[in-house]
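Survey of secondary and tertiary structure
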Amino acid sequence: MIIAQLSDFHARPHGCPAYGFVDTNAAIEGAVDAVLALDPAPDCVLVTGDLADCGLAEEYAIVRAALRRIPMPVYVLPGNHDRRESFALALGADYGYLPKTGFLHYTIEDFPVRLIGLDTVIAGEDGGEICAEREAWLTKRLREGQGRPTLIFMHHPPFAVGVDGMDVIPCRVSASFSALITDHPEIERVLCGHYHRPIQRRFAGTIGYVAPGTAHQVALDLRPGTENWFIMEPPAFAVHAWRLETGVVSHLQVIGDYGPRRPFVLDPAYPGKPQVAHV
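The shown structure was predicted, so the numbers you read here are calculated from the model rather than taken from an experiment.

1. Some thoughts on the pattern of salt bridges
Enumeration over the complete set of coordinates arrives at 13 salt bridges. Here Arg-69 makes a salt bridge to Glu-29, at a shortest N to O gap of 2.5 Å. Of the two residues, Arg-69 sits in the loop between α2 (57–67) and β3 (74–77) while Glu-29 sits in helix α1 (residues 24–36), which places them 40 residues apart along the sequence. In this structure Glu-29 comes out as partly exposed when scored by relative accessible area, which is 30%. Of the charged contacts, one joins Arg-134 and Glu-129 as a salt bridge, the two residues approaching to 3.7 Å between their closest N and O atoms. Overall, Arg-134 belongs to the buried group, its relative accessible area being 3%. Accessibility expressed as a relative area gives 24% for Glu-129, which makes it partly exposed. A single salt-bridge network, built from bridges that share partners, covers Arg-12, Asp-53 and Glu-59.

2. Let's talk about the sheet that holds strand β4 (residues 106–108)
Here 6 strands make up an open sheet; going across it, the order is β4-β5-β7-β9-β11-β10 and the pairing mixed. This sheet does not close on itself; its edge strands, each paired only once, are β4 and β10 (199–203). Across the sheet, the axes of successive neighbouring strands diverge by a mean angle of 20°, strand direction being ignored. Where strand β5 (residues 114–117) and strand β7 (residues 150–153) come together, 4 bridges link them in parallel fashion. Paired with Leu-115 across the bridge in β7 is Leu-151. Here helix α4 (residues 132–144) sits on the sheet in contact with β4, β5, β7 and β9 (187–192), set at roughly 175° to β5.

3. A word on the environment of Arg-68
Within the fold, Arg-68 resides in the loop between α2 and β3. Sequence-wise, Arg-68 and Val-32 are 36 residues apart; in three dimensions their C-alpha atoms are separated by 9.7 Å. Side-chain polar atoms of Arg-68 contact the side chain of Asp-94, separated by 2.9 Å.

Basis of the calculations
- Residues numbered from 1 in each chain as written.
- Predicted model: local features only at pLDDT ≥ 70, side-chain atom pairs only at ≥ 80, totals over all residues.
- Heavy atoms only, no water.
- Salt bridge = Lys/Arg side-chain N within 4 Å of Asp/Glu carboxyl O.
- Helix = DSSP H or I, 4+ residues; strand = E, 2+ residues; numbered from the N terminus.
- Buried < 20%, exposed > 50% of the residue type's maximum accessible area, 1.4 Å probe, protein only.
- Pairing = 2+ DSSP bridges.
- Axes fitted to C-alpha atoms, helices over the stretch in contact; angles between N-to-C directions.
- Contact = heavy atoms within 4.5 Å.
- Polar contact = N/O pair within 3.5 Å; in protein donor to acceptor, adjacent residues only side chain to side chain.

Structure representation (C-alpha cells):
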C-alpha cells in the first residue's frame, strides 16, 4: 500500500498571495502534478490540514478543483487556518466520509492499513487539542481495529519537536493520550502537518511524522526563544509505503523539475569497483 501525504496548502483568493508573497495556489497544482507523476501511483492521498488560508469559500473552491484531478481516494482534515463548518460545507459533497456535524473524525477500512483521521482544531486558535471527547472517540476506533496495522493522521502534532517557535502552538493532549498510543503497537505512524517542515521523532512507542508544506516552509531555527519565519525552500510531500514484511517506511518527495533520472557510471578509479588484472 502506498500513501501520499500532502499538507498545508494555504489556498488564497486569486491574486492574493499568502503573506503578500507566496503563490500557494500554483504550489497546490504543482503538488497535485507531483502526485500524479508517481509510478507506481499511490493507493490514496491524505491532506493533513490548512487546505485554505482563511477558510473562505473561494479558497475551498480552488482546493476542490485541484483535488478533483486526483483519481485515487483523497482523505482531508481541517487545520487551524480552516473553518470547520465552511470546510465541511465546501468539501462534504466530494468526500462523503466527512461527518455532517461535530468533529470531522472518520475511519477508513478499505485498505490493508486502517486510516484514522482525527480533527484537532480549536476554533479561533492556532494550536490544537485532543480533548476528552476526542480521545474517547479514538479509543473506541482503536479497539475496533483488533490489532490491524493503523495510521493516525491529524493536523497538529501531539508531541513537541524541539523548536520553540513551533512548540508554542502545539496540540494539547491529556496525560493519558501517550499511554493510549503506547497500548496500541499496531499504530505504524502518527502523521501530522502544521509545522511546514519534515520532522520525525519517537513518540509513545511509534513514530511521529510531520510532513512539509506544499509551498512555503518554516525556516529551521533551533535557538531557544525564537519565533517562526518562513522560507522558500523546496516544497515536498511524504510517501508512506506499507508492506507486510517491513511495516510502514516513510519517504520525502521533493516537488519540482530537477531533470531526468541518470544512471550511475562508476569511474575506473572507484575503490569499490572490481579491478581487472593486467597481464
